[in-house]
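Chain and residue survey
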Amino acid sequence: MNPPAPTSATPTTVSKRYYIFIITYLELLSAFGSFVNDLYIPSLPEMVRYFHTTRPSVQLGLTFGMIGLGIGQIVLGPLSDRFGRKPVLIASLIVFCIGAVGSIWSPTIHVFVMWRLVQGAGASGGYFLARTIPADLYAGRTLAKVLALVGAINGFAPASAPILGGFIDKAAGWHGIFWVLAAFSVLLIFVGIFFKESLPKSSRTASKMTTAFKNYAVLARNRRFMIHVTLKGAALGMLFAYISSAPFIIQDHYGFDQLQFGLFMGFNALFAAAGSMFSLRFKPLKKAAVVAGVGLAFSVAIQVLCFYRVNDIWVYDALNLPMLFSLGMIFSVSNTLAMNEGRQYAGDASAFIGVAGYVFGAVVSPLVGIGNQMHSTALVLAGLTVITLIFSYLTNRLPADLDTEEQNPPKQ
């Protein structure tokens, strides 16, 4: 039986069954977008040997996955505003499934990297719609609560995926990981059958696609929106720098295996999820950004010093915890404030946010593999921390961000 469609803008007045369903599905979509890159991270050292190539070459798989995620969101954002969320979601998941199967049969690292581009484009639909659909249905503090739940997964999934990836790699190698990803996409397609379209025809754009893309220019001229987007992008870049460097630091440098690496990452992920939920304690919400920015600056400053002076796995990992907690707070705040600011063009706004994050991620992933892994990671984290601190301060200086009551009636 199909879950009943929501009838109100607040979780307390919609069908409890549908609310649970939609939150669960949004979290699955958000996790899926993260798993596309992060599930196979424990296999990166193995893939260097399998393809007889270098670390930066293998890490290009992460970069091209992010490029695909970025390009896909740019295209699918306006498409979802015109044709609705559900058809765009299903089509993008089918594209991902094709890309995942194709990567399994890659004869060279170059072919694998190209299939990663396809995977990223396919995964982009679910990733940005996990932010767009809540903005279709909710506003104000309620939107903040829903996006905080999704944000907890945004913080948890990228770091916890290596646990599952480590188990799969042990059992079936890196090929098995992409079979699992393909199966996950099929599951999401099936569950998506029960998803009720969140954007009714009366609210869709009727203009040509060339006109629809002009919404990006409108959003780019919105100073408040761009401050929130840049904050999210820099913070997500830090998460990608941490994730793409960690397998080489923990496995190659400190000598732990894939499964042990996954356990480290999974435990750390709890702090990112906790930070996302903790941000809801702040009123107005924007105050959480500057608190997180200051906490991030202190923790990363100590971590950078230790990268050069202290060679200890426990010191390295302990310093990751406050960094991830602060990033979790920033993810929740920046997602909510940006979507609230750009809700008039929800699909385009969500795509814009996603692209910003993956622009940062695509740049930093190969950079942390250049030369001395410890030193290059330290420099990348330091640079991104400065950007994040600046934009957390700018976010806090903006006028009050969210109303205590719902701003808009439901569209469904």
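Every value quoted in this text rests on a predicted model; they were computed, and no experiment measured them.

Time to look at the environment of L239. Topologically, L239 is positioned in helix α9 (residues 223-253). Through-space distance from the C-alpha of L239 to that of V364 is 9.9 Å; in sequence the pair is 125 residues apart.

With 29 residues, helix α3 (residues 55-83) ought to run about 42 Å at 1.5 Å a step, and its terminal C-alpha atoms sit 41 Å apart, in line with that. Its maximal kink placed at L76, α3 deviates by approximately 30°, while the proline P78 follows within four residues. Within two residues after α3, G84 carries a phi angle of roughly 105°, on the positive side.

Moving on: the nonpolar core. Within the largest apolar cluster, 117 residues are counted, with the highest numbers of intra-cluster contacts made by Y316, M323 and L327. Once residues within four sequence positions are removed from consideration, M323 is found in contact with M238, Y242, L296, S299, V300, Q303 and L381.

Over the atoms rolls a probe the size of a water molecule, and its path tells where empty space is left. The calculated volume of the largest pocket comes to roughly 160 Å³. Looking at the largest pocket, it is lined by 15 residues, and the ones nearest its centre are H253, N311, N372, Q373 and M374. At the level of secondary structure, the elements contributing two or more residues to the lining of the largest pocket comprise α9, α11 (287-309) and α14 (373-397). Taken together, the residues of the lining of the largest pocket sort by class into seven nonpolar, five polar and three charged.

As a further point, take the side chain of S376. Mapped onto the secondary structure, S376 falls in helix α14. In contact with S376, not counting residues within four places along its chain, are L367, V368, G369 and I370.

Tallied over the entire structure, the rule returns two cavities of 30 Å³ or more. Along its surface, the second largest cavity is lined by Y254, Q303, C306, F307, V310, D312, V315, Y316, L319 and M374. Looking at the lining of the second largest cavity residue by residue, the class counts come to eight nonpolar, one polar and one charged.

Another point: the packing of α3 against helix α13 (residues 346-367). Remark: α3 packs on α13, axes separated minimally by 8 Å, with the N-to-C direction vectors making an angle of 170°. With respect to their mutual orientation, α3 and α13 come out roughly antiparallel. Considered class by class, the residues forming the contact of α3 with α13 number 12 nonpolar, 11 polar and two charged.

Before going further, it helps to spend a moment on the pattern of salt bridges. Any two side chains of opposite charge can pair if their charged atoms end up close together. According to the stated counting rule, one finds three salt bridges in the structure shown. The closest approach of N and O atoms between D136 and R85, which form a salt bridge, is 2.8 Å. One end of the pair, D136, is in helix α5 (residues 109-137); the other, R85, is in helix α4 (residues 85-104), and 51 residues separate them in sequence. Classification of R85 by relative accessible area gives buried; the value is 1%. Between D257 and K170 there is a salt bridge whose closest N-O contact spans 3.8 Å. Of the two residues, D257 is situated in the loop between α9 and α10 (258-278) and K170 in helix α6 (residues 140-192); the sequence distance between them amounts to 87 residues. A residue is classified by how much of its surface remains accessible, and D257, at 28% relative accessible area, is partly exposed. Accessibility expressed as a relative area gives 51% for K170, which makes it exposed. Here the residues in one salt-bridge network are D81, R85 and D136, joined through shared partners.

What counts as what
Per chain, residues are indexed from 1 in the order of the written sequence. Confidence filtering applies because this is a predicted model: local features only for residues at pLDDT of at least 70, side-chain atom pairs given and counted only at 80 or more, and all residues used for totals across whole chains, interfaces and linings. As a rule here, side-chain values come from all non-hydrogen atoms in the structure, and water together with hydrogens is ignored. Put simply, DSSP H or I for four residues or longer makes a helix, DSSP E for two residues or longer makes a strand, and each gets a number counted from the N terminus. Here, expected helix span is obtained from the residue count minus one, scaled by 1.5 Å. Note that the bend at a residue is defined as the angle between axes fitted to the seven residues ending at it and the seven residues starting at it. What we call a nonpolar core is a set of buried Ala, Val, Leu, Ile, Met, Phe, Trp, Tyr and Cys residues that are connected through their side-chain atoms within 4.5 Å. Each residue gets one of three labels from its accessible area relative to the maximum for its type: buried under 20%, exposed over 50%, partly exposed in between, using a 1.4 Å probe on protein chains only. Residue contacts are defined here by distance: any two heavy atoms, one from each residue, within 4.5 Å place the two residues in contact. Here a cavity denotes a set of grid points, spaced 1 Å apart and computed over the protein atoms alone, in which a 1.4 Å probe fits but from which it cannot get out, and a pocket denotes an open set meeting protein on both sides within 12 Å along at least five of seven lines; residues with an atom within 4 Å of a point are reported as lining. Grid points are joined across faces, edges and corners, and a volume is the space filled by probe spheres set on the points. Polarity classes work like this: nonpolar for Ala, Val, Leu, Ile, Met, Phe, Trp, Tyr, Cys and Pro, charged for Asp, Glu, Lys and Arg, and polar for all others, with Gly in that last group. What counts as an axis is a line fitted to C-alpha atoms, over the stretch in contact for a helix, and the angles between N-to-C directions run from 0 to 180 degrees. Here is the rule for angles: anything less than 35 degrees is roughly parallel, anything more than 145 is roughly antiparallel, 65 through 115 is roughly perpendicular, and the remaining ranges are oblique. Between Lys or Arg on one side and Asp or Glu on the other, a salt bridge is scored when a side-chain nitrogen of the former is within 4 Å of a carboxyl oxygen of the latter.

Take it as geometry only, folks, not as evidence of what the structure does.
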